[in-house]
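The lines below spell out each chain.
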Amino acid sequence: MFNIPATALTAGGLAVGLGIPVHFGVAWAKKNWKAKKKDWKTLIPFAGGIAYGGLASMCTGGLIGFGAGVITWLGNGAGSLALWGLAGGNSTRAVRATPVELSAEGNIILFLVTVALIGLWKVLDKASKGMARRGTVAGVLLGLSAVLGGAVAVTVIPAVNSAGATLLGYVG
């Protein structure tokens, strides 16, 4: 099967990964600036997308790994072009190149989360779907970064791998 490696993030890809939440945060803050009661529910699809994207970035094979690789490849290219065009800088330096991977048991959990998201997708409105998509792209790119990726690698990935092993032990 075709597999675009999702293991290298450039400074340009990191810029895109950071730019998406910054843009979303500014737009959200502008909309809610003067409201006495903030609409926190609108953050859920975006935050969920970031969480799913961060988890998907640790999957190196199959359709999810391929999708994360394509997002990383496109994010690296778009970010490199943007940084070169806007700031005149070189952005080919790798930010992070060796992610922690999901185990076979962790992939079971990722598969089940993906199935749940496919089921939830039908009930989301158009705006929430757009936020979830943008969050997923940002999550994939930031999932390979040193800070978020490192935090995911140290906490979330071992927990997901352990949960998958436990599930396999009970069901299998």
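Details of the structure are given in the entry above.
Colleague: Just give me the short version of the nonpolar core, but keep the residues and values in it.
Modeller: Counting residues in each nonpolar core, the largest one holds 11 residues, listed as Y52, L55, A56, M58, C59, L102, I109, L110, V152, I157 and V160. Mapped onto this core, the elements with two or more residues apiece are α2 (43-56), α4 (104-121) and α6 (146-171). Discounting residues that sit within four places of it in the chain, V152 has contacts with G54, M58, I157 and P158. Judged by nonpolar contacts, the second largest core, of 5 residues, contains I20, F24, F46 and A138.

Colleague: Residue-level account of helix α5 (residues 126-143), with values.
Modeller: Its 18 residues place the ends of α5 25 Å apart at the C-alpha level, agreeing with the 26 Å of an ideal helix rising 1.5 Å per residue. When we look at burial in α5, the residues that qualify are S128, G130, M131, A132, G135, T136, A138, G139, V140, L141, L142 and G143.

Colleague: Please set out a nonpolar patch on the surface residue by residue, giving values where relevant.
Modeller: A surface patch of nonpolar side chains, about 650 Å² in accessible area, is lined by F111, L112, V115, L167, Y170 and V171. Within the residue set of the nonpolar patch, elements represented by two or more residues are α4 and α6. Along the chain, F111 falls in helix α4. For F111, a relative accessible area of 52% translates into the label exposed.

Calculation notes
Chains are numbered independently. Their residues run from 1 in the order of the written sequence. pLDDT decides what is reported in this predicted model: residues at 70 or higher carry local features, side-chain atom pairs at 80 or more are listed and counted, and totals for whole chains, interfaces and linings draw on all residues regardless. With hydrogens and water set aside, each side-chain value is computed from the structure's full complement of heavy atoms. Only buried residues count toward a nonpolar core. Its members are Ala, Val, Leu, Ile, Met, Phe, Trp, Tyr and Cys residues joined through side-chain atoms within 4.5 Å. Exposure classes here rest on a 1.4 Å probe applied to the protein chains alone. A residue is buried below 20% of its type maximum, exposed above 50%, and partly exposed in between. Where helices and strands are cited, they refer to DSSP runs of H or I of at least four residues and of E of at least two residues respectively, numbered from the N terminus. It only takes one pair of heavy atoms within 4.5 Å for two residues to be counted as in contact. Each residue after the first adds 1.5 Å to the expected span of a helix. A patch is a set of surface residues, each over 30% in relative accessible area and not in a salt bridge, joined within 9 Å for like charges and within 5 Å for the nonpolar side chains Val, Leu, Ile, Met, Phe, Trp and Tyr. Residue-level accessible areas treat just the shown protein chains as cover; the underlying method is Shrake-Rupley with a 1.4 Å probe. Take a side-chain nitrogen of Lys or Arg and a carboxyl oxygen of Asp or Glu: if they are within 4 Å of each other, that pair is a salt bridge.

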